[in-house]
Amino acid sequence: MIHALAVIVPARDEQELLAGCLDALHRAARHPHVRDLPSRVVVVADACTDGTAAIARRHGAELLELTAGNVGTARAAGSRHALDLTLSSCPGLTLDSMWLAHTDADSRVPADWLARQLADADGGWHAVVGTVHVADWTGHPEGTGAAFRRHYQQERFVGGHRHVHGANLAVRADAYRSAGGFESLPVGEDRALVAALEAGGYHVKRTDRSPVLTSARRDPRARGGFGDYLRDLDALAG
């Protein structure tokens with residue numbers, strides 16, 4: 001049974017999109033199956049040069065500021081911060097009763113996002129790996145959206161999928177620590193964690209329920225990540 005949760009959001013110069021992300025997280029935290037749990041949202045403002053930190057504060061998030069310029073480092077620091085503060089403020093709380101959810105600052109989670117994850121945790125899953133979708137293809141060639149849906153579908157199978165997105169990922173705290181947490185990787189830190197969880201024998205649920213809406217912007221923060229994948233699709237679509 002989960003008794004406390006935290007959501008970690010790495011952000012690098014995200015003043016344009018962070019408010020929407022945090023509004024969506026607050027809605028998810030108000031879900032009837034979630035709202036009575038102790039929870040926190042931690043924004044990790046990493047190497048920011050804009051108003052990201054001020055927006056995080058205005059929206060009631062806890063703020064952790066770094067200069068690493070590394071998304072793996074940011075996710076790990078945010079997770080550590082959330083774990084330390086939650087365990088110290090909730091006497092008797094154990095790692096196997098705390099949940100760490102992860103998303104991205106350019107993404108918006110659905111209202112049932114946390115509630116479904118908690119139901120999965122109560123069902124014995126140690127981690128939940130979700131999917132994403134894109135609603136706005138502005139700036140991309142006309143065929144990119146269709147190419148994305150076609151290629152994305154190819155990575156699905158009966159009962160699951162092969163995708164891993166830091167924008168839609170959650171893990172029980174004891175499994176997270178046992179698997180070694182996020183590595184300080186500039187890209188692929190999410191895949192590395194999921195691989196470590198699976199190698200350690202933890203139960204990882206891959207689901208396409210409660211997909212997260214993410215940005216299709218053409219100026220990605222992490223080279224080699226989702227944004228560059230979309231650029232490759234642009235070339236195919238063009």
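This is a predicted model, so every value here is computed, not measured. (Residues numbered from 1 in each chain as written. Predicted model: local features only at pLDDT ≥ 70, side-chain atom pairs only at ≥ 80, totals over all residues. Heavy atoms only, no water.)

Points about helix α5 (residues 144–154)
Line of reasoning, step 1. Three or more residues of α5 are buried, namely Thr144, Gly145, Ala147, Phe148 and Tyr152. Projected onto a plane normal to the axis of α5, the buried residues spread over an arc of 160° and lie on a single side. Away from the buried face of α5 by more than 90 degrees, exposed residues Arg149 and Gln154 are located. (Buried < 20%, exposed > 50% of the residue type's maximum accessible area, 1.4 Å probe, protein only. Helix = DSSP H or I, 4+ residues; strand = E, 2+ residues; numbered from the N terminus. Arc of directions from axis to C-beta.)

Some points on helix α4 (residues 113–122)
Line of reasoning, step 1. Counting buried positions along α4 gives seven out of ten residues, so the element sits mostly inside the fold.
Line of reasoning, step 2. Within α4 the residues assigned to the buried category are Trp113, Leu114, Ala115, Gln117, Leu118, Asp120 and Ala121.

Points about the sheet that holds strand β5 (residues 107–108)
Line of reasoning, step 1. The three strands lie next to each other as β5-β12-β7, forming an open sheet whose pairing is mixed. The strands lining the two open edges of the sheet, one partner per strand, are β5 and β7 (132–133).
Line of reasoning, step 2. Of the pairings in the sheet, the one linking β5 to strand β12 (residues 212–214) comprises two bridges and is antiparallel in character. If you follow Arg108 over to β12, its bridge partner there is Leu213. (Pairing = 2+ DSSP bridges.)

Considering the sheet that holds strand β3 (residues 62–66)
Line of reasoning, step 1. Taking strand neighbours across the sheet as the criterion, the seven strands line up as β3-β2-β1-β4-β10-β6-β11 in an open arrangement whose pairing is mixed. Strands at the two margins of the open sheet, each flanked by one partner only, are β3 and β11 (204–206). When strand polarity is set aside, the average angle formed by the axes of neighbouring strands in this sheet is 20°.
Line of reasoning, step 2. Where strand β6 (residues 127–129) and β11 come together, three bridges link them in parallel fashion. (Axes fitted to C-alpha atoms, helices over the stretch in contact; angles between N-to-C directions.)

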